[in-house]
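# Results of the structural survey
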Amino acid sequence: MTLAVLVVSVTGGASAYYTAPGFGSGSAALGTLLPPTDVLVPATSAGTVSLRWTASVGTPAPTSSCATRTKTGTGTPTPACGTSPTIIVATAFCDDLLVLTGDYTYTVTAVYNGWTAASAPSGSVTISNPTKVAFQAQPSDATSGAVFTAQPSVAIQNAAGDTVPTSTSPVTLAITGSPADARLTCPTNPLAAASGVAVFTGCAIDRAGTYTLTAASGALTVSVGSARKLSFTQPAVDFSITSQTTFAAPVQPMVTVQDAGGNTITGSTATISLGLTSPAGASLTCAANARAAVSGIAAFAGCQIDKAGSYTLTATSAGLADATSNGINVTAGPPKRLVFTAQPANSSSGGTPFSTQPVIAVQDAFGNTVTTSLSLTTQAGAALSCTSGNPLAAASGVAAFTGCRIDKPGSYTLTAASGTWTAESSSLTISVGSVAKLAIAFPTSTAISQSAFSTQPVVTVQDAGGNTVTNSTAAVTLSLTNTPVGATLSACASASTAGVTTFTGCRIDKADAYTLTAVVAGPITATSNTTTISAGAASKLAFTGTFPQKSHKRNDFFVPQPEITIQDAFGNTANAAVSVTLSASPPSNRSGTLSCAATTRTSLNGVATFSGCQVSYQGNQAGLYTFTAEASGLVSASVIVTIVQ
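Quick caveat: nothing in here was measured; it's all calculated off a predicted structure. What you see as residue numbers is a count from 1 along each chain, following the sequence as written. With pLDDT at 70 or above as the cut-off, local features in this predicted model cover only qualifying residues; side-chain atom pairs require 80 or more to be listed or tallied, and sums for whole chains, interfaces and linings still use all residues. Excluding hydrogens and water, the side-chain figures rest on all heavy atoms present in the structure.

Helix and strand definitions here come from DSSP, where helices need a minimum of 4 consecutive H or I residues and strands a minimum of 2 consecutive E residues; each element is numbered from the N-terminal end. Of the regular secondary structure elements, the protein holds zero helices and 65 strands. Rg of the C-alpha trace for the protein: 60 Å, well past the compact-globule value of 26 Å for 645 residues, more than 25% over. Each principal axis of the C-alpha atoms in the protein carries an extent, and together these give about 195 × 80 × 50 Å. With 645 residues in all, the protein has 39% of them scored as buried. In this description, contact between two residues means that some pair of their heavy atoms is separated by no more than 4.5 Å. A fraction of 61% describes how many contacts in the protein between residues 6 or more apart in sequence connect residues 24 or more apart. Methods summary: accessible areas were calculated by the Shrake-Rupley approach with a probe of 1.4 Å, and residue burial reflects only the protein chains presented. For the protein, the exposed surface amounts to about 30800 Å²; the carbon and sulfur share of it is 54%. Radius of gyration: C-alpha atoms only; globule rule: 2.2 Å multiplied by the number of residues to the exponent 0.38. Three exposure classes are used, based on accessible area relative to the maximum for each residue type with a 1.4 Å probe and protein chains only: buried under 20%, partly exposed in between, and exposed over 50%.

The following block contains the structure:
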């Protein structure tokens, strides 16, 4: 009899089957074909993939293997290494040749008598086939025989324009141009690429002329694709320029039309426009903008920027990627003018700070702010003052005044001046403000006590600028600033008209030095100059000083001695020389006698001082004695003196 074959499926990609047929009552062994393991590929390759794996072990052992390549993204498997299920290799390695650019994984399948077992996929390998070379760095202009300042470097690239990092192919440089017998020399030429790039050094051309370098690597040459982008050849470095000044020739914009690999499209005549990347109010002007490329290059001329600031240029052309230049720092030119960037408030009151303060900028001819100092003036007849100071030095070209005010009402313009430059503000009107202070006119420097001042006080109600507030109805009062005991300002009458209060009849009774204080509601005050009140004509006598004490002993000299003052009618000392006689009357039935060094004395500076005075008597003559001072034409003075034993 014939024994039927039983096929058993197992996991892991292996196959199980009978290793030998059986007949009759015979038997067969069951075995498992295992897949290869550790399938290895390089991470990158330039078209040939070296594939390695570990052959499967066990029973049965595979007789051969085949490889399959799968492209990432498509999932489509392709036979690799020239193998197939019917074209197999007996080794554990193979080379997959001429693989196209892309990312791939590999699997290896073990084969035994028509049975197969596939491995797990390998890691990914990136294939980058060299198809062209491209200049990664262009050589610079140079002097004949001198080494180029910027040396060329050439990249070996795949079709997508990416550098093939595994390539070490030699790259050869050559020149074409005029004169034809010129010679290019480099220390190494050809030069083997490192990581796909050949970086040349020490290259020079021995003859003056205009040349083009050509790079080649085997069958690969510099390949120029279709126009894809723009690139600034100039300005290649940051630079500075004064506003509205034409860029120097080495930094006049030059824009090149390039393919994706950075190669110049020499046949391009694309129209290219320049603009400021972030203009912020500035303008770029050129002799011509836009410009058509010539041999793939648009060379601009006469370019300049009007406003100070930091800028980059953007080059644009339809269908091409934009390009951005290096930085351009534009500084302001020399100062040319002054400009009010903030006008003073057009309406203010005298002496009150403007609600909007003036700000003046020092600018160049194109409106850029530059640094200098300046001052403000106003018309004659009025005073302008500023708490910020005037003149005021500009900070970064701007003078921001503070606390500015004009004292007199009227219409004004402010004139800003700095050197020979001037600028005028818009018109502003100063009006009389509210009551802010008083002004007191009191020219009298001397007066007689209780006599009306020869010149009476006049008080004016004023605004902060000292202008008379003519519509004020505020009541003004006068008082003594310093008041000696008993002094009185009296008999004042007042009349107010158009903010001016005129006083009449004012007088002070006590002799001294005084100032007057004027007060209006608020309170707002003003203090006058000093006036001195002197005594009037001699009118009376008065005992002054500390005489007498409570009592004096008979026959003893008085301590203190009597002092008689010559006074006017209001008790002020009259500076007069008067002959004063001192006498004493004893009480009834007493007979004491007053004696002095002299009982009649002439006053000095209005005071008669007696000396050597005493009351003498015999027996008991104690009592209250009346002392009397007398002078011709004056009211006498008396005082009671107690005399004791």
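Next comes the rest of the description.
Bringing the confidence of the model for the protein into the picture now. Here the protein averages 87 in pLDDT, and 93% of its residues register 70 or above. Contacts from residues 1-18, a stretch scored under 50 in pLDDT, to residues over four places away or in other chains number 40 contacts. Confidence scores labelled pLDDT are given residue by residue by the predictor and lie between 0 and 100.

All right, on to the layout of surface pockets then. The method is simple in principle: a probe with the dimensions of a water molecule rolls over the atoms, and the space it marks as empty is what remains. Think of a 1 Å grid over just the protein atoms. A cavity is a set of points where a 1.4 Å probe fits yet cannot get out, a pocket is an open set with protein on both sides within 12 Å along at least five of seven lines, and lining residues have an atom within 4 Å of a point. Grid points are joined across faces, edges and corners, and a volume is the space filled by probe spheres set on the points. Each pocket or cavity is described by its volume, and for the largest pocket that value is around 1400 Å³. In terms of lining, the largest pocket is formed by 34 residues, of which the most central are Gln138, Pro139, Asp141, Tyr211 and Thr212. Sorting the residues of the lining of the largest pocket by element identifies β20 (210-217), β22 (229-234) and β24 (254-258) as the ones contributing at least two each. A total of five residues in the lining of the largest pocket trace back to one element, the largest contributor, which is β20. Under the scheme applied, nonpolar residues are Ala, Val, Leu, Ile, Met, Phe, Trp, Tyr, Cys and Pro; charged residues are Asp, Glu, Lys and Arg; polar residues are all the others, including Gly. For the lining of the largest pocket, the class distribution of residues is 15 nonpolar, 17 polar and two charged.

What follows deals with the state of the cysteines. Any cysteine sulfur atom paired with another within 2.5 Å is treated as part of a disulfide. Taken as a whole and assessed by the stated rule, the structure comprises six disulfides. Through a disulfide, cysteine 81 is tied to cysteine 94; the S-S separation comes to 2.1 Å. Looking down the S-S bond of the cysteine 81 and cysteine 94 bridge, the torsion is 65 degrees, so its handedness is right-handed. With cysteine 81 in the loop between β8 (77-80) and β9 (93-96) and cysteine 94 in strand β9, the pair connects residues that are 13 residues apart, well separated along the chain. Here cysteine 81 and cysteine 94 have matching classes, each one buried. Here cysteine 386 connects covalently by a disulfide to cysteine 404, the sulfurs 2.1 Å from one another. Between cysteine 386 and cysteine 404 the sulfur-sulfur dihedral comes to about 110 degrees; the bridge is accordingly right-handed. Of the two residues, cysteine 386 is situated in the loop between β38 (384-385) and β39 (392-393) and cysteine 404 in the loop between β40 (398-400) and β41 (405-406); the sequence distance between them amounts to 18 residues. Comparing cysteine 386 with cysteine 404 shows no difference in burial state: the two are buried. Looking at the protein, its bonded cysteines, counted consecutively from the start of the sequence, adopt the pairing 1-2, 3-4, 5-6, 7-8, 9-10, 11-12. Note on cysteine 66: no disulfide assigned, nearest cysteine sulfur contributed by cysteine 94 at a separation of 9.8 Å.

What follows deals with the packing of aromatic side chains. By convention, a stacked pair of Phe, Tyr or Trp rings (six-membered ring in the case of Trp) has centres within 6.5 Å and planes under 30 degrees apart, an edge-to-face pair has planes over 60 apart, and any other such pair is tilted. Within this structure, the stated rule accounts for six aromatic pairs. Aromatic side chains phenylalanine 547 and phenylalanine 627 sit 5.8 Å apart centroid to centroid with 65 degrees between the ring planes, which places their arrangement in the edge-to-face category. Of the two residues, phenylalanine 547 is situated in the loop between β56 (540-544) and β57 (552-553) and phenylalanine 627 in strand β64 (residues 623-630); the sequence distance between them amounts to 80 residues. The residues phenylalanine 547 and phenylalanine 627 share a single accessibility class, namely buried. Through successive ring pairs, a cluster of aromatic residues spans Phe543, Phe547, Phe558 and Phe627. Above the ring of tyrosine 104, the side-chain terminus of arginine 69 is found at 5.8 Å from the ring centroid. By definition, being over a ring means that NZ of Lys or CZ of Arg is both within 6 Å of the ring centre and within 35 degrees of the ring normal.

Once that is clear, we can look at the side chain of aspartate 306. Mapped onto the elements of the fold, aspartate 306 is located in the loop between β29 (304-305) and β30 (309-311). Counted charges follow a simple rule, with Lys and Arg positive, Asp and Glu negative, and His plus the chain ends left uncounted. Salt bridges, as used here, are contacts in which a Lys or Arg side-chain nitrogen is within 4 Å of a carboxyl oxygen on Asp or Glu. No salt bridge forms around the buried aspartate 306; measuring N to O, its nearest opposite-charge neighbour lysine 307 is 4.9 Å away. Polar contacts involving the side chain of aspartate 306 include one to the main-chain amide nitrogen of serine 283, which spans 2.7 Å. Sequence-distant contacts of aspartate 306, defined by excluding residues within four places in its chain, comprise Ser243, Gln244, Ala282, Ser283, Phe366 and Asn368. In protein, a polar contact means a hydrogen-donor-capable atom and an acceptor-capable atom, both N or O and within 3.5 Å, with residues adjacent in sequence counting only if both atoms are side-chain atoms; elsewhere, any N or O pair within 3.5 Å suffices.

Of note, the bond from asparagine 189 into proline 190 is cis; its omega dihedral lies within 30 degrees of zero at 10 degrees. Looking at where proline 190 falls in the secondary structure, it is placed in the loop between β16 (184-185) and β17 (191-192). Asparagine 289 connects to alanine 290 through a cis peptide bond whose omega is 25 degrees. Among the structural elements, alanine 290 can be located in the loop between β26 (284-285) and β27 (291-292). A positive phi angle is found at serine 195, which is not glycine, with a value near 55 degrees. Here serine 195 shows up in the loop between β17 and β18 (197-199). Note on serine 195: relative accessible area 53%, which makes it exposed. For asparagine 589, which is not glycine, the phi dihedral falls at a positive 65 degrees.

This brings us to the sheet that holds strand β51 (residues 493-497). Paired strands, in this sense, are two strands between which DSSP finds at least two bridges. Ordered in space as β46-β48-β52-β51, the four strands form an open sheet in which the pairing is antiparallel. The sheet is open, and its two borders are formed by β46 (437-441) and β51, each paired with just one other strand. With direction set aside, neighbouring strand axes in the sheet form an average angle of 20 degrees. Relative to strand β52 (residues 500-504), strand β48 (residues 458-462) runs antiparallel, the two sharing three bridges. The partner of threonine 460 across the bridge, within β52, is valine 500. Fitted lines through C-alpha atoms serve as axes, helices being fitted only where they are in contact, and the angles separating the N-to-C directions of these axes extend from 0 to 180 degrees.

The next point concerns the pairing of strand β45 (residues 428-431). Burial along β45 is one-sided: Leu428 and Ile430 are buried, and none of Thr429 and Ser431, which face the opposite way, are. Here strand β35 (residues 347-349) runs beside β45; their pairing, made up of three bridges, is parallel. When the sheet's bridge partners are listed, serine 347 is paired in β45 with threonine 429.

With that settled, consider the nonpolar core. By nonpolar core is meant a set of buried Ala, Val, Leu, Ile, Met, Phe, Trp, Tyr and Cys residues that side-chain atoms within 4.5 Å join together. With 28 residues, the main nonpolar core has Phe247, Ile272, Leu274, Leu284 and Ile305 as its most contacted residues. Elements with a contribution of two residues or more to this core: β22, β23 (239-242), β24, β25 (271-276), β31 (313-317), β32 (320-324) and β33 (328-331). Non-local contacts of leucine 284, meaning those with residues more than four positions away in its chain, are made with Phe247, Leu274, Gly275, Leu276, Asn289, Cys303, Gln304, Ile305 and Leu313.

Once that is clear, we can look at the side chain of threonine 628. Structurally, threonine 628 can be placed in strand β64. In this structure the side chain of threonine 628 is engaged in a polar contact, spanning 3.3 Å, whose partner is the side chain of serine 638. Excluding its chain neighbours within four sequence positions, the residues that come into contact with threonine 628 are Phe543, Thr581, Leu582, Ser583, Ser636, Ala637 and Ser638.

The strand order across the open sheet built from three strands is β4-β6-β9, with neighbouring strands paired in antiparallel fashion. Looking at strand neighbours, the two that pair on one side only are β4 (37-40) and β9, the edges of this open sheet. Neighbour to neighbour, the strand axes of the sheet diverge by 15 degrees on average, direction disregarded. Of the strand pairs in this sheet, β4 and strand β6 (residues 49-54) are connected by two bridges, and their pairing is antiparallel. By the bridge assignment, threonine 37 is partnered in β6 with threonine 54.

This brings us to the pattern of salt bridges. Taken as a whole and assessed by the stated rule, the structure comprises three salt bridges. Close ionic contact of arginine 52 with aspartate 95 constitutes a salt bridge, the shortest N to O distance being 3.9 Å. Within this pair, whereas arginine 52 is found in strand β6, its partner aspartate 95 is found in strand β9, the two being separated by 43 residues in sequence. The partly exposed category is assigned to arginine 52, whose relative accessible area is 38%.

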